[in-house]
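This is what each chain is made of:
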Amino acid sequence: MKKIAILTSGGDSPGMNAAIRAAGKYALSQGLIVYGVQRGYSGMLNNDIFLMDDCFLSGIVDKGGTKLLTARCLEFLEPEFRAIAAQNMIKKGIEGLIVIGGDGSYRGADLLSKEHGIHVVGIPGTIDNDIIGTDYTIGFDTCLNTILDAISKIRDTATSHERTILIEVMGHNSGDLALYSCLAGGGDGLLIPEMKNPIEMLALQIKGRRKIGKLHDIILVAEGVGSVHEIEKKLASLLGAEVRSVVLGHVQRGGTPSGFDRVLATRMAVKSVDILLQNSGSVMVGIEGNRIITHPISFAWEGKKTSSIYEDFEITNILSK
Ligand code: ADP
């Protein structure tokens, strides 16, 4: 393998730049020619593929977002458009591709490999921590810290006004961001898609807290649970009291990547280049037990997620009383 390319795809996450930097610099150090593809698969289709030099890779390790830009590309779901995109790569002699993104981006990469023989490696880049085959995704830790900062601020005002406030956090279908935020932010209640916690139970929990003199309730709600505004209405009627809700939204996607995310991105990126050098088909990298590991890329949709979500959920229940 002599030429590889790097792209970011799907939702952006803090630490993607650290992954681009490490993959690019390490690949250059191994004598590879490195290309950048702009705007994910859209850029591959539109031939926005450029030679990456060391200068492009400098000064970005601490920057949120992605210098390669990201996009969603519906055409890539169609084989004829994937063929055009693949030809743009093959014409330049690019044999290997690093895709930094979520499992949707992995599916596109897998098809590119199967249909056109391009070796691919998927690096899990998403704040949602929703990729099977890795304990953590790049951006999750930074996002968690952004949420914790918001919780502290919201709690100040919640206490002053003795309010119940629901905080909706991202996560797609995963409750990890809400669960970790609840554990680390001292949340007083948690609604996540993986666990049934009826709103009636939450209302009882809140009433119990108020009876013993608690002045506020901070409830973490994962976006995968449904409309926070509907939950707000139902909870208010069960409590017979006002409830407020805050949707943190896109502020969760940005910001300076945490040290953890930068280290994770760097280690995964270096491993990805090593894998490409072995011409190994279609692979994803992950972290399990503080070791950087690999799985076939299809593990992201065929494998089983291992987590301590049930135990952690129980802990939040006990500590929020
Ligand atoms: P993420 O990678 O964060 O999960 P998406 O699911 O939006 O984000 O996927 C990003 C891009 O990956 C899509 O816009 C599309 O170009 C490509 N993609 C997603 N799913 C597939 C699929 N089943 N087949 C081919 N390409 C796909």
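The structure presented is a predicted model; accordingly, all values stated were derived computationally and were not measured.

1. A few points about the overall build of the protein
Scanning the protein from N- to C-terminus turns up 11 helices and 11 strands. In terms of overall size, the protein behaves like a compact globule, its C-alpha atoms giving a radius of gyration of 22 Å where 321 residues would be expected to give roughly 20 Å. Counting only C-alpha atoms and orienting by the principal axes, one finds that the protein spans roughly 70 × 35 × 35 Å. With 321 residues in all, the protein has 54% of them scored as buried. Pairs at least 24 residues apart make up 74% of the contacts formed inside the protein by residues separated by at least 6 positions. Of the roughly 13700 Å² of accessible surface on the protein, a fraction of 54% belongs to carbon and sulfur atoms. Positive and negative charge centroids in the protein, built from 33 and 36 side chains respectively, lie 2 Å apart.

2. As for the sheet that holds strand E11 (residues 291–296)
Here seven strands make up an open sheet; going across it, the order is E3-E2-E1-E4-E5-E10-E11 and the pairing mixed. Both edges of this open sheet fall to strand E3 (49–51) and E11, since each of them pairs with a single strand only. On average, each strand axis in the sheet is inclined to that of its neighbour by 25 degrees, with strand direction left out of account. With five bridges connecting them, strand E1 (residues 3–8) and strand E4 (residues 96–101) associate as parallel partners.

3. Quick word on the domain arrangement of the protein
Entries for the protein in the domain assignment read domain 1 (3–139 + 257–302) and domain 2 (140–253). Listed by partner, the interface residues are 17 residues for domain 1 and 13 residues for domain 2. Of the roughly 1200 Å² buried between domain 1 and domain 2, counting both surfaces, carbon and sulfur atoms make up 50%. Together, Ile127, Asp128 and Asn129 form the three largest contributors to the area buried by domain 1 at its contact with domain 2, with a combined 43%.

4. Observations concerning the environment of Asp135
Along the chain, the position of Asp135 falls in the loop between strand E5 (119–124) and helix H5 (140–161). Measuring from C-alpha to C-alpha, the distance between Asp135 and Gly289 comes to 7.8 Å, with 154 residues separating the pair along the chain. At 3.1 Å, the side chain of Asp135 and the backbone nitrogen of Gly289 are in polar contact.

5. Describing the sheet that holds strand E9 (residues 243–247)
Pairing is parallel in the open sheet, where four strands are placed in the order E7-E8-E6-E9. Strands with a single pairing partner mark the edges of an open sheet, and in this sheet they are strand E7 (189–191) and E9. The mean angle between the axes of side-by-side strands here comes to 20 degrees, regardless of whether they run parallel or antiparallel. Inspection of the sheet shows strand E6 (residues 164–169) paired to E9 by five bridges, in the parallel sense.

6. Remarks on helix H4 (residues 103–116)
Side chains three or four residues apart in an α-helix point the same way, a direct result of the helix having 3.6 residues per turn. Taking 1.5 Å per residue as the helical rise, H4 with its 14 residues ought to reach 20 Å, and the 20 Å between its terminal C-alpha atoms agrees with that figure. Among all positions of H4, only Ser105, Tyr106, Gly108, Ala109, Asp110, Leu112 and Ser113 are buried. Following H4 by one or two positions, Gly117 adopts a phi angle in the positive range, close to 70 degrees.

7. Description of the environment of Thr8
Mapped onto the secondary structure, Thr8 falls in strand E1. Exposure remark for Thr8: the relative accessible area of 0% places this residue in the buried category. In this structure the C-alpha to C-alpha distance between Thr8 and Gly101, which are 93 residues apart in sequence, comes to 5.8 Å. In this view, Thr8 contacts Met16, Ile20, Arg39, Gly40, Thr66, Leu68, Leu69, Thr70 and Ile100; residues no more than four positions away in its chain are not counted. A polar contact is formed between the side chain of Thr8 and the backbone oxygen of Leu69, at a distance of 2.9 Å.

So, how was this worked out
- Residues numbered from 1 in each chain as written.
- Predicted model: local features only at pLDDT ≥ 70, side-chain atom pairs only at ≥ 80, totals over all residues.
- Heavy atoms only, no water.
- Helix = DSSP H or I, 4+ residues; strand = E, 2+ residues; numbered from the N terminus.
- Rg over C-alpha atoms; globule rule 2.2 N^0.38 Å.
- Buried < 20%, exposed > 50% of the residue type's maximum accessible area, 1.4 Å probe, protein only.
- Contact = heavy atoms within 4.5 Å.
- Areas by Shrake-Rupley, 256 points an atom, 1.4 Å probe, with all protein chains shown as cover.
- Lys, Arg positive; Asp, Glu negative; His and termini not counted.
- Charge placed at Lys NZ, Arg CZ, Asp CG, Glu CD.
- Pairing = 2+ DSSP bridges.
- Axes fitted to C-alpha atoms, helices over the stretch in contact; angles between N-to-C directions.
- Domains from an automatic or database assignment.
- Buried area = accessible area lost by both parts, 1.4 Å probe.
- Polar contact = N/O pair within 3.5 Å; in protein donor to acceptor, adjacent residues only side chain to side chain.
- Expected span 1.5 Å × (residues − 1).

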